[in-house]
Amino acid sequence: MHMCNGFGYFMILSDLPKYLVEQLHFDIMKSGFIASLPHLMSWSGYVVSGKFSDMVISKGLLSRTYTRKVVGIFAQFLPAVLLFSLSFFNDATSILVVMNIAMFFQGFAHSAYYVNYMDLSPRFSAVICGFGNGLGAVLGLIGPVFVGYLLNGVNGDDELKCQWRKAFGVASILWVVGCTQFCIFGSGLRQSWDAEVDKEDDASGEFGMDGEVKESTFNLSGFSII
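No experiment lies behind these values; they were computed from the predicted model shown. (Residues numbered from 1 in each chain as written. Predicted model: local features only at pLDDT ≥ 70, side-chain atom pairs only at ≥ 80, totals over all residues. Heavy atoms only, no water.)

**Remarks on the nonpolar core**
Turning to step 1, where the next piece is worked out: Within the largest apolar cluster, 30 residues are counted, with the highest numbers of intra-cluster contacts made by Tyr19, Leu86 and Trp164.
Turning to step 2, where the next piece is worked out: Excluding anything up to four places from it in sequence, Tyr19 contacts Leu24, Leu86, Ile95, Met99, Trp164 and Phe168.
Turning to step 3, where the next piece is worked out: In terms of nonpolar packing, the next biggest core, distinct from the first, is built from ten residues, Phe104, Ala109, Ala112 and Tyr113 among them. (Core = buried A, V, L, I, M, F, W, Y, C linked by side-chain atoms within 4.5 Å. Buried < 20%, exposed > 50% of the residue type's maximum accessible area, 1.4 Å probe, protein only. Contact = heavy atoms within 4.5 Å.)

This is the structure:
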């Protein structure tokens, strides 16, 4: 899901101004706020989805696993449909409204797959997230290049709209594929191999019974290393 999300996210991040200028005929120098609004909406989605997920889990309405999957559906399936529909609208107002709604829900992704690294492995979440982020960045690099390839040498509004439809369509398909995979195979449970490491650390005396790090006897320049 992380990898598939990267394609569409970086494509929008890099090529949104191009779309606003070429398709909607915006003067980007005079409409900076409009160009930044989708990213502001995405940030709002981060905040709202985080609060929503915490509330659902803390009240026991859904398990952690199902909460991540439900949020993931809002984060990928809904934006995929909205993103693909953009090229079928003709007026700028409708396109901007749909785009901002799509980016708001796309922000939910951080409460689906990003925080899921912590669910799976609290100890190694940084390393695993680094691998996931790296793979996501690979497709993120391909997205803008793919858009440039589609738009190269295109003339006329109709042909331009057709090429943007292809770009949005590919991003939408990847979002659906990533979310489907996450809904089928995803989990919100701590993995056994991560827990096994804790048992070994407990046996060595480095961790207390509650999993907290004990203070080491090694000191450097008067500071205790824990």
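**Topic: the packing of aromatic side chains**
Turning to step 1, where the next piece is worked out: Counting across every chain of the model gives 13 aromatic pairs.
Turning to step 2, where the next piece is worked out: Grouped by ring-pair contacts, the aromatic residues Phe74, Phe104, Phe105 and Phe108 constitute a single cluster.
Turning to step 3, where the next piece is worked out: Taking the ring centre of Tyr66 as reference, the NZ or CZ of Lys69 above it sits at 5.9 Å.
Turning to step 4, where the next piece is worked out: A cation over an aromatic ring shows up here: Arg165 above the ring of Phe88, its NZ or CZ 4.1 Å from the ring centre. (Phe/Tyr/Trp six-rings, centres within 6.5 Å; stacked < 30°, edge-to-face > 60°. Lys NZ or Arg CZ within 6 Å of the ring centre and 35° of its normal.)

**Let's talk about the confidence of the model for the chain**
Turning to step 1, where the next piece is worked out: For the chain, the average pLDDT comes to 80, and 85% of its residues sit at 70 or higher.
Turning to step 2, where the next piece is worked out: No element of the chain has a lower mean pLDDT than strand E2 (residues 223-224), at 29, and none a higher one than helix H3 (residues 64-85), at 92.
Turning to step 3, where the next piece is worked out: Under a pLDDT of 50 for its full length, residues 202-226 has, in the predicted model, 25 contacts with residues more than four places off or in other chains. (pLDDT = per-residue confidence, 0-100. Helix = DSSP H or I, 4+ residues; strand = E, 2+ residues; numbered from the N terminus.)

**What about the environment of Gln163?**
Turning to step 1, where the next piece is worked out: For Gln163, the position within the fold is in helix H7 (residues 157-185).
Turning to step 2, where the next piece is worked out: Sequence spacing of Gln163 and Tyr149 is 14 residues, and the spatial spacing of their C-alpha atoms is 9.7 Å.
Turning to step 3, where the next piece is worked out: If sequence neighbours within four positions are ignored, Gln163 has contacts with Leu150, Leu151 and Val154.

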